[in-house]
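# Observations on the three-dimensional arrangement
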Amino acid sequence: MSTTPASPAATPDTAPRKRRPPRRVQVTRVQTLSPLMRRITLQGAELEGFEVNDPASYMKLIFPEPGQSEPERPLPDAPRPKSMRTYTPLAVRNDVNEVDVDFVLHGDGPASTWAAQAQAGQVLYLMGPGPGYKLALDAPLHVLIGDDSALPAFETILAALPASAQVQVLLEVVDAAEERALKSAAKVDTRWLPRGADNTQAGTALEAALRQAGAPAADARIYLACEAAAMRSIRRLLIEELGVERSRIVGRGYWKLGTVNHPDHDYGED
């Protein structure tokens, strides 16, 4: 990792905002949305002031280590918790200090294992939120391309769009049992693309659907989020073969095959 020279002393206008301590939250509800998707509601007095200003924002959740009934509260100067993962905050209800989070049950890792057995009263720690997707509300067409890991982010984008918006959604999932209604005031055309349970095939169904559909409209805004290598491959397809301007694509690598804890700032621009 490279280092940078020390910065001059911050002025009142440029001083970084103080990071808020992790918030203790408890599970209040667990909903089954599909065989592999759970919606878990987290509540706690420490969520007071938790505000999400953009769709597809992110937050960090800290899970118990093996043998723990709940995680320890992280200290400011302590090492990064091992069992910390990045998720999209969905509905935020400030009046009751609640936030909904969707989990994909992919069968491995601390978050998926925890979500599969989650019950009311269990405790996590929450950090964030971080920034999200700057939505161009005046764009005539929005194209959302991703796998099941991006579905929560897509739902927040769809919820933020006006009735005048046109949206095309390409969603790669394990099988047809994962299909469900997506709510939006916008006019939405959704294609669910089964890929099977083999994660090494991530992105193949998306690429095939894009090649079949051809180039999106020249003025479309595209949000692309899926497995990191697949995201890069699809991004190249859009730019080099389908002629989409780079500036119209926002890419996010939400997970990476063979990597336990992929960074949350993978934009695929390398």
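First, a word on what this report is: a plain description of the structure on this page.

Criteria and cut-off values
- Residues numbered from 1 in each chain as written.
- Predicted model: local features only at pLDDT ≥ 70, side-chain atom pairs only at ≥ 80, totals over all residues.
- Heavy atoms only, no water.
- Helix = DSSP H or I, 4+ residues; strand = E, 2+ residues; numbered from the N terminus.
- Polar contact = N/O pair within 3.5 Å; in protein donor to acceptor, adjacent residues only side chain to side chain.
- Contact = heavy atoms within 4.5 Å.
- Phe/Tyr/Trp six-rings, centres within 6.5 Å; stacked < 30°, edge-to-face > 60°.
- Buried < 20%, exposed > 50% of the residue type's maximum accessible area, 1.4 Å probe, protein only.
- Pairing = 2+ DSSP bridges.
- Axes fitted to C-alpha atoms, helices over the stretch in contact; angles between N-to-C directions.

With that out of the way, let us pick up the side chain of E155. Examined against the element boundaries, E155 turns out to sit in helix α2 (residues 151-160). A polar side-chain atom of E155 sits 3.3 Å from a polar atom in the side chain of R180. Once residues lying within four places of it in the same chain are set aside, the contact partners of E155 are R39, L90, D102, R180 and L182.

Time to look at the packing of aromatic side chains. Given two aromatic rings, their pairing is described by the distance between the two centres and the angle made by the two planes. Counted under the stated rule, the structure contains seven aromatic pairs. Taking the centre distance of 4.5 Å and the plane angle of 40° together, the rings of Y87 and F103 count as tilted. Highlighted residues: Y87 in strand β4 (residues 84-87) and F103 in strand β6 (residues 98-104), separated in sequence by 16 residues. On the basis of relative accessible area, Y87 is assigned to the buried category, the value being 14%. The class for F103 is buried, based on a relative accessible area of 1%. Measuring from ring centre to ring centre gives 4.7 Å for Y133 and Y223, while their planes differ by 50°; the resulting arrangement is tilted. Linking Y133 in the loop between β7 (123-130) and β8 (141-147) with Y223 in strand β11 (residues 221-227), this pair joins segments that are 90 residues apart in sequence. For Y223, a relative accessible area of 2% translates into the label buried. Grouping aromatic residues by their ring pairs yields a cluster made of F63, Y87, F103 and W114.

Another aspect to go through is the sheet that holds strand β2 (residues 37-43). Pairing is antiparallel across the open sheet formed by seven strands, whose spatial order is β4-β3-β7-β1-β2-β6-β5. Each edge of the open sheet carries a strand with a single partner, namely β4 and β5 (89-93). Taken pair by pair, the neighbouring strands of this sheet meet at an average axis angle of 35°, ignoring direction. Inspection of the sheet shows strand β1 (residues 23-34) paired to β7 by four bridges, in the antiparallel sense. In the sheet register, Q26 faces β7, and the bridge partner there is V123. Running over the sheet, helix α1 (residues 110-117) touches β1, β2, β4, β6 and β7 and is turned about 110° from β6. On top of the sheet, α2 reaches β2, β5 and β6; it is set at about 50° to β5, its chief contact.

These figures come from the coordinates and say nothing about function on their own.
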